Amino acid sequence: MDVIANLGIGLQAALTPTMLWYCFIGVLLGTFIGVLPGIGPLAAISLLLPITYYIGPEVAIVMLAGVYYGAQYGGSTAAILLRLPGTASSAVACIDGNPMARNGRAGVALFITTIASFAGAITGLIILIFFSPYIAKLGLKFGSAEYFSLMLLGLVAACTFSDSPLKGGAMVVLGLLLSMIGTDVNTGVIRYTFGFSELSSGLSLVALAMGIFGVADIIRNINTIDTSRLNERFTMRSMLPNRDDWRLSLPSMARGSAIGSFFGTLPGTGASISSFMAYATEKKLAKNPQRFGKGAIEGVAAPEAANNASAQTAFVPTLTLGIPGDITMALILGALIIHGITPGPQLITSQPELFWGLIVSFIIGNILLVLFNIPMIGVWISLLKIPYRLLYPTILIFISVGVFSVSNSIFDIYTVIGIGILGYVLNMLRFDPAPLLLGFILGPLMEEHFRRALLLSRGSLDTFIDRPISLTILIITGLAVCFIIASSVRRRLRALRTAKESHAS
Amino acid sequence: MRLTTPRALLVLAAAAPCSLLLGTQAVADNYPSQPINLIVGASAGGTTDAMAREVAEGLAQKYDVPTVVDNRPGAGASIATEAVANADPDGYTLLVAYTSHTLNESLFHELPYDPVEDFSPISLLGEVSSILLSRPDLEFDSLQDMLDYAAEQPDGITFGVGGLGSSLHMETLKFIQESEVVGYEIPYNGTAPAIADLIGSHVDVMFAPFAAAMPLVESGDANAIAVTSPERMPNLDDIPSINETLSDYPTTYGWFGLLGPAGMDPAIVERLNADVTEIMHGESGADLLEREGAEPIDISAEAFAAFIVDDVERWKAIAEAGDIEKQ
């Protein structure tokens, strides 16, 4: 009953015309920001922040939050159509979404991502509504030892992204190496910057994601322009998923939502890791993992559900503890602080209209997003009809603007070019970029938590197995490694056997 | 038609020396006639950014020119600081600096600027202090209580450090030096993750900024042990200050200030100093400072310049005593 009463308070607060208007503006902006490569919610929210001086704190946060979760919807659009990840978390959508688009199934991919986004967001919201106070405390149980074990599991999962775990592993290591660039968190020692002060806070994640997927793909496509697929006409029917698509993607959405909801509540892990983990899970569970990377619909549905679920549950630590999970969340907190509201454990009781109004606005916002995104699919698809000679220069401009906007640094544009060339070379050698990206995201977190766990345990490695949550995750990691080895040995044996048989006949 | 452009240029060229003859007074009178850029070495949403936006908002209203807040985070604010050091001292590019401005000199070998020589200090916006917190399941009656507890622990206690090379880091160093407690610094990438580990009881104590600490103390998710200000804070008078227990504890402040490139017209500096002081004394400026546990101050540009010189020396002494290796 409490929940219903609270939602009632929320409804009253959220259903005013001003709130609805700002919610609409927020999600609309979010969608566009998400679609535009590189211009992520971070840039958009920092641009909008000054405006929030003139509006009340409730409407300000409703609008900014709308940008935040709206961008998760839009993020995969460019990834699917153009292999351009707008945000790091939508890089996963490139892996199977882009092949789907190349097979003429862009409409289905976009339709499923919209539905998956909605499913994920609603799952995240349900958790937010019913369990906020409990999961906030649960997230705090995760100390550095637990985080390290979780990251280790993530790295092992990343190896499975490639068809060859060895090549995947090599890319993970390269990603880890690139992530070492920058300032060491424990000692402040500056590593591998070669005297460039721009590198002292590390390579830009956005530049890396855009370079290794987007720019590399453009370089590759310049030689192999193929316009044949663009002439087909897109009918409403061709956009709708068929029965098989639904059968495969619905369970994936459920799993993705669960994974995303979990990761969202852990401050500092965020949407990217959850979508990678959801992808790895789907690939592991699939009867036929070979389909992945070639347009498997589960590979689009699960990560999309995951990153939207985590975008919602990420508000749990932010609002209930005042601990922002990522920089964008910190910015949204900043908007509240500007208005003199300090988020913390008392927020729910001291500002019930704000908290519940915000939650109801999330629900409204997500419904608006679905209503808004489905008719837009046709418009987005028509992007593919633009001739490459016009499309590519435009994309490159967008990439440059987007990368620049993250920290107003020209250096990042050079980075994206360099990474793009690296990505092209890796592509020629048939290395997958996704494990590299995950290695890059997890590397610094893993190192930080490993060293911190050891500092806290005064140097004893036992801390990783003495703590029950950490131990459980390590056991799962161990099983995953065994599984990878076993399945690649089995594949090798099968290949040998077929080779022998064909030799005998 | 072709001749018009060169002719216009000739006229301009002839006029240029005249305008130089008019001297600095005219420049100050015309100031500001174009948009003012406030460069901030911190990302949007933080305290420094909030200060910058308060100043930007106030200046825009007073001068009726657009003021732009340009966030250039990274490298301990030195990227933003360098940009201002190399800008024209015309008063249109200003820096909203924080403690790192005077601290960086003790942390880096080769700063691309000199925090004293390359700047025209304009105005000190505010001074903030921090609160020593303990994890929720560790309650102490006094600071002495905490020191006794730490002495009993075979491995000492752990100090969460929110951001290496931050003023909170230096505070921790200084506290460990002065109190001679057996403490281990556990570095975090910013204050938020350090606080998360404190309320999750993974780390024992930490120095936290006032604004972040208060809600947690009120809800019991963390315990306040002492404040770093020389006297008890007005809105927190049941929390003792550290120097009530450690008598000659050198109190330090984190600070926020407005600076321009070296060689600014003193008339413009004076004017900005007066106007910015007024902005921070205004209702929203004072509110902002109060949330950070600070009060508006009123000091001249010269006094602020002296403050910066002293502050550089102060950090140097702390960093040297703490064996901080320069990068």
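Calculation notes
Residues numbered from 1 in each chain as written. Chains lettered and ligands numbered in written order. Predicted model: local features only at pLDDT ≥ 70, side-chain atom pairs only at ≥ 80, totals over all residues. Helix = DSSP H or I, 4+ residues; strand = E, 2+ residues; numbered from the N terminus. Buried ≥ 20, exposed ≤ 12 C-beta atoms within 10 Å, placed from the backbone. Contact = placed C-beta atoms within 7 Å. Arc of directions from axis to C-beta. Core = buried A, V, L, I, M, F, W, Y, C linked by C-beta atoms within 7 Å. Domains from an automatic or database assignment. Axes fitted to C-alpha atoms, helices over the stretch in contact; angles between N-to-C directions. Parallel < 35°, antiparallel > 145°, perpendicular 65-115°, else oblique. Pairing = 2+ DSSP bridges. Nonpolar A, V, L, I, M, F, W, Y, C, P; charged D, E, K, R; others polar.

What follows concerns the overall build of chain B. Secondary structure assignment for chain B yields 12 helices and 10 strands. Every one of the 327 residues in chain B was classed for burial, and the buried ones make up 50%. In chain B, of all internal contacts separated by at least 6 residues, the share reaching a separation of at least 24 is 77%.

Let us now look at the interface of chain A and chain B. How big an interface is tends to be stated in terms of the accessible area lost upon association of its parts. The interface is formed by 41 residues belonging to chain A together with 45 residues belonging to chain B. The set of elements that each furnish at least two residues to the side of chain A that touches chain B consists of α6 (106-141), α15 (327-338) and α20 (433-456) of chain A. Considering every element that reaches the side of chain A that touches chain B, the biggest residue donor is α15 of chain A, with 7 residues.

Residues and elements named next belong to chain B. Gly285, Leu288 and Leu289 are the residues of helix α11 (residues 283-291) that are buried. What you see down the axis of α11 is that its buried residues fit within an arc of 95°, all on one side. Of the exposed residues in α11, those oriented more than 90 degrees away from the buried face are Glu283 and Asp287. For α11, the secondary structure elements touched by its buried residues are α3 (47-63), β4 (119-128) and α10 (266-281).

Bringing unusual backbone geometry into the picture now. Residues and elements named next belong to chain A. Positive phi is not limited to glycine here, since arginine 83 has a value of about 60°. Along the chain, the position of arginine 83 falls in the loop between α4 (57-82) and α5 (91-102). The backbone of phenylalanine 194 shows a phi angle near 50°, a positive value even though the residue is not glycine. Summarising the element assignment, phenylalanine 194 is placed in the loop between β2 (190-191) and α9 (205-223). Overall, phenylalanine 194 belongs to the exposed group, with 6 C-beta atoms counted inside 10 Å.

Looking now at the nonpolar core. Ranked by internal contacts, the top residues of the largest apolar core, which has 241 residues, are Leu64 and Leu437 of chain A together with Leu133 of chain B. Of all the elements, α4 of chain A adds the most residues to this core, at 17 residues. Viewed by domain, this core spans two of them, domain 1 (33-128 + 253-321) and domain 2 (130-244) of chain B, each represented by three or more residues. Leucine 64 of chain A has contacts with Gly26, Ile45, Leu48, Ile332 and Ala335 of chain A, leaving out every residue within four places of it along the chain. One finds Leu103, Leu173, Trp315 and Ile324 of chain B within the second-largest nonpolar core, a separate group that totals 7 residues.

This part covers the environment of leucine 391 of chain A. With respect to the helices, strands and loops of the structure, leucine 391 of chain A is situated in helix α18 (residues 388-407). Considering only alpha carbons, one finds leucine 391 of chain A and isoleucine 25 of chain A, 366 residues apart in sequence, at a separation of 28 Å.

Residues and elements named next belong to chain A. Axis separation between α6 and helix α17 (residues 352-382) bottoms out at 9 Å; the angle between their running directions is 175°. For the element pair α6 / α17, the angle class is roughly antiparallel. Here Ala106, Gly107, Leu110, Phe111, Thr114, Phe118, Ala121, Ile122, Leu125, Leu128 and Ile129 of α6 come into contact with α17, specifically with Ile359, Phe362, Ile363, Asn366, Val370, Asn373, Ile374, Ile377, Trp380 and Ile381.

This part takes up the sheet that holds strand β2 (residues 67-71) of chain B. All names here are of chain B. Here 5 strands make up an open sheet; going across it, the order is β2-β1-β3-β10-β4 and the pairing mixed. In this open sheet, the two strands that pair with only one neighbour each are β2 and β4. The sheet shows a mean angle of 20° between the axes of neighbouring strands, taken without regard to direction. Both strand β1 (residues 36-40) and strand β3 (residues 93-98) contribute to a ladder of 4 bridges, which runs parallel. From the neighbouring strand, valine 40 faces β3, where its bridge partner is valine 96.

Residues and elements named next belong to chain B. Domain boundaries in chain B define domain 1 (33-128 + 253-321) and domain 2 (130-244). On a C-alpha basis, the centres of domain 1 and domain 2 stand 27 Å from each other. At the interface, 13 residues of domain 1 touch 10 residues of domain 2. Only α5 (100-107) and α12 (301-321) provide two or more residues apiece to the side of domain 1 that touches domain 2. With 3 residues, the single largest contributor to the side of domain 1 that touches domain 2 is α12. Along the lines of polarity and charge, the residues of the side of domain 1 that touches domain 2 split into 6 nonpolar, 5 polar and 2 charged.

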